[in-house]
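Structure at a glance
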Amino acid sequence: MEQIISSPETNDIIDVTMDNFMAEVIEASKEKAVIIQFWAPWCGPCKQLGPILEKVAASFNNVRLARVNIDENEPLAQQMRVQSVPTVFGVVNGRPIDGFAGAQPESAVRQFIEKLAAQAPGAVDISAFIEAGKAALSAQQPEEALAHFQQALTQQPESLEALAGLVRALIGMGELESAREIIDNLEDSHRQRPEIQEALSAVELAEKSGQLASEIGPLKQAVADQPDNLQAYQDLALALYAAGEADQAMDILLQSIQKDRDWQDGAAKTQLFEIFTALGAGSAGVIAARRKLSTYLFS
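Residues numbered from 1 in each chain as written. Predicted model: local features only at pLDDT ≥ 70, side-chain atom pairs only at ≥ 80, totals over all residues. Heavy atoms only, no water.

**Some remarks on the overall build of the protein**
Summing up its helical and strand segments, the protein has 15 helices and five strands in all. For the protein, whose C-alpha radius of gyration is 24 Å, the value lies well above the compact-globule estimate of 19 Å for 299 residues. By principal-axis analysis of the C-alpha atoms, the protein measures approximately 80 × 40 × 25 Å. For the protein, the proportion of its 299 residues judged to be buried stands at 45%. For the protein, the proportion of contacts with a sequence separation of at least 24, taken over those separated by at least 6, is 66%. Accessible surface, the protein: about 15,000 Å² in total, of which carbon and sulfur atoms supply 47%. One way to put it: in the protein the 23 positive side-chain charges average out to a point 6 Å from where the 42 negative ones average out. (Helix = DSSP H or I, 4+ residues; strand = E, 2+ residues; numbered from the N terminus. Rg over C-alpha atoms; globule rule 2.2 N^0.38 Å. Buried < 20%, exposed > 50% of the residue type's maximum accessible area, 1.4 Å probe, protein only. Contact = heavy atoms within 4.5 Å. Areas by Shrake-Rupley, 256 points an atom, 1.4 Å probe, with all protein chains shown as cover. Lys, Arg positive; Asp, Glu negative; His and termini not counted. Charge placed at Lys NZ, Arg CZ, Asp CG, Glu CD.)

**Focus: the packing of aromatic side chains**
Aromatic ring pairs: the centre-centre distance and the angle between the two ring planes describe each pair. Counted under the stated rule, the structure contains three aromatic pairs. For the pair phenylalanine 38 and phenylalanine 89, a centre-to-centre distance of 6.0 Å together with 85° between the ring planes defines the contact as edge-to-face. Residue phenylalanine 38 is located in strand β2 (residues 33-39), and its partner phenylalanine 89 is located in strand β4 (residues 87-92); the two are separated by 51 residues in the primary sequence. Residue classification places phenylalanine 89 among the buried residues on the basis of a relative accessible area of 18%. (Phe/Tyr/Trp six-rings, centres within 6.5 Å; stacked < 30°, edge-to-face > 60°.)

**Description of the packing of helix α12 (residues 230-242) against helix α14 (residues 267-279)**
Helices that pack against each other are described as a pair by the angle of their axes relative to one another and the distance between those axes. Taken N-terminus to C-terminus, the directions of α12 and α14 make an angle of 10°; their axes are 10 Å apart at the nearest point. Taken together, the axis directions place α12 and α14 in an arrangement best described as roughly parallel. Here Gln234, Leu238 and Tyr241 of α12 come into contact with α14, specifically with Ala267, Ala268, Gln271, Ile275, Ala278 and Leu279. Class assignment for the residues of the contact of α12 with α14 results in seven nonpolar, two polar and no charged. (Axes fitted to C-alpha atoms, helices over the stretch in contact; angles between N-to-C directions. Parallel < 35°, antiparallel > 145°, perpendicular 65-115°, else oblique. Nonpolar A, V, L, I, M, F, W, Y, C, P; charged D, E, K, R; others polar.)

**A few points about helix α10 (residues 194-209)**
In this model α10 runs 23 Å from its N-terminal to its C-terminal C-alpha over 16 residues, within 8% of the 22 Å that 1.5 Å per residue would give. Within α10 the residues assigned to the buried category are Ile196, Ala199, Leu200, Ser201, Ala202, Val203, Leu205, Ala206 and Ser209. Two residues or fewer after α10 comes glycine 210, characterised by a positive phi angle close to 50°. (Expected span 1.5 Å × (residues − 1).)

**Some points on the pattern of salt bridges**
Under the criterion given, the structure shown has 18 salt bridges. For glutamate 24, the salt bridge goes to arginine 64, with nearest N and O atoms at 2.9 Å. Of this pair, glutamate 24 sits in helix α1 (residues 21-27) while arginine 64 sits in strand β3 (residues 63-69), placing them 40 residues apart in sequence. For glutamate 24, a relative accessible area of 23% corresponds to the partly exposed category. (Salt bridge = Lys/Arg side-chain N within 4 Å of Asp/Glu carboxyl O.)

**Remarks on the side chain of serine 29**
The residue serine 29 is located in the loop between α1 and β2 in this model. Apart from the residues within four sequence positions on either side, serine 29 is in contact with Val34, Val91, Val92, Asn93, Gly94 and Pro121.

**Regarding unusual backbone geometry**
Cis rather than trans, the peptide bond between valine 85 and proline 86 has omega equal to 0°. Looking at where proline 86 falls in the secondary structure, it is placed in the loop between α3 (74-79) and β4. A positive phi angle, close to 50°, is found at glutamine 264, a residue other than glycine. Note on placement: glutamine 264 falls in the loop between α13 (246-259) and α14. Its identity as a non-glycine residue notwithstanding, aspartate 265 has a phi of 55°, on the positive side.

**Focus on the environment of proline 227**
Topologically, proline 227 is positioned in the loop between α11 (216-225) and α12. Taking the C-alpha atoms as reference points, proline 227 and valine 92, 135 residues apart in sequence, are found 63 Å from one another. Not counting residues up to four positions away in its chain, the partners in contact with proline 227 are Tyr233 and Lys259.

**Digging into the state of the cysteines**
Following the criterion strictly, the structure yields one disulfide and no others. Across a sulfur-sulfur distance of 2.4 Å, cysteine 43 and cysteine 46 are joined as a disulfide pair. A torsion of 85° about the S-S bond marks the disulfide between cysteine 43 and cysteine 46 as right-handed. Cysteine 46 matches cysteine 43 in its accessibility class, with the two residues each being buried. (Disulfide = S-S within 2.5 Å.)

**A short note on the sheet that holds strand β5 (residues 95-101)**
Strand order in the open sheet formed by five strands is β1-β3-β2-β4-β5, with mixed pairing between adjacent strands. For this open sheet the edge positions go to β1 (13-15) and β5, each flanked by a neighbour on one side alone. In this sheet, adjacent strand axes meet at a mean angle of 20° when their direction is disregarded. Against the sheet, helix α2 (residues 44-57) touches β1, β2, β3, β4 and β5, its axis set at about 165° to β2. (Pairing = 2+ DSSP bridges.)

Coordinates in, geometry out; function isn't part of it.
Structure, rendered in structure tokens:
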């Protein structure tokens with residue numbers, strides 16, 4: 001597959017003492033965001049947190065990790081008012097802007113570093129590329145969307161939002177194998193992020209729908225001729241989704257739920273929720289469909 005994601009630069013990790021603190025942290029933070037990790041050799045949680053910090057920081061090319069052993073640098077720890085280890089600070093332009101104490105899961109560490117990287121000196125604002133990509137997807141212009149998301153990833157290779165958009169663009173272009181390959185090659189911690197989960201659901205739905213997009217005409221006729229054939233509703237919904245008609249697909253499933261919400265152990269509702277996840281909670285179509293579903297289920 002053609003390379004569409006840039007690789008991050010080699011990680012920037014350094015051990016810091018009182019002697020080099022000004023140069024390696026304060027001055028360095030005017031070029032990159034700096035994470036200061038206060039730790040100790042006897043600290044169990046430090047041994048858990050350290051590898052996570054190193055792993056996540058290595059995926060950002062505008063972040064460096066500075067480690068401070070408090071046993072060897074007690075005055076520095078006192079100066080930074082460190083009361084326990086591990087303690088972590090984020091420094092940008094010579095000023096601490098965020099921090100936390102204690103071991104944290106990788107998901108929390110990644111969110112912390114993402115926020116820090118976005119405020120780093122010279123950080124590129126990719127929001128315009130992201131919004132242009134989303135607009136192109138909404139207009140069913142996947143090739144244009146792909147170009148916007150690729151530009152975003154060129155500027156910020158670690159952006160999972162841009163990566164998720166790129167996966168959706170590939171789906172729209174019929175490049176399901178490439179979309180699946182990107183998802184499958186992600187680390188578990190990345191795959192658990194909401195934006196990637198939504199993209200994964202979109203891939204799975206596209207795989208499930210297969211060649212049904214070409215069957216929309218016959219399936220619509222089947223629904224018209226056999227209004228109680230709920231399997232036809234199910235198949236038509238998948239075909240419409242595969243053809244990019246997600247709102248119509250949701251309407252068909254809602255009609256099926258109105259007729260019999262318990263058919264095939266709630267298959268229509270399950271399919272509807274899969275589409276909700278694939279489109280994302282913020283989609284206008286999803287919000288409208290959720291309102292209708294609530295009306296049908298609780299009326």
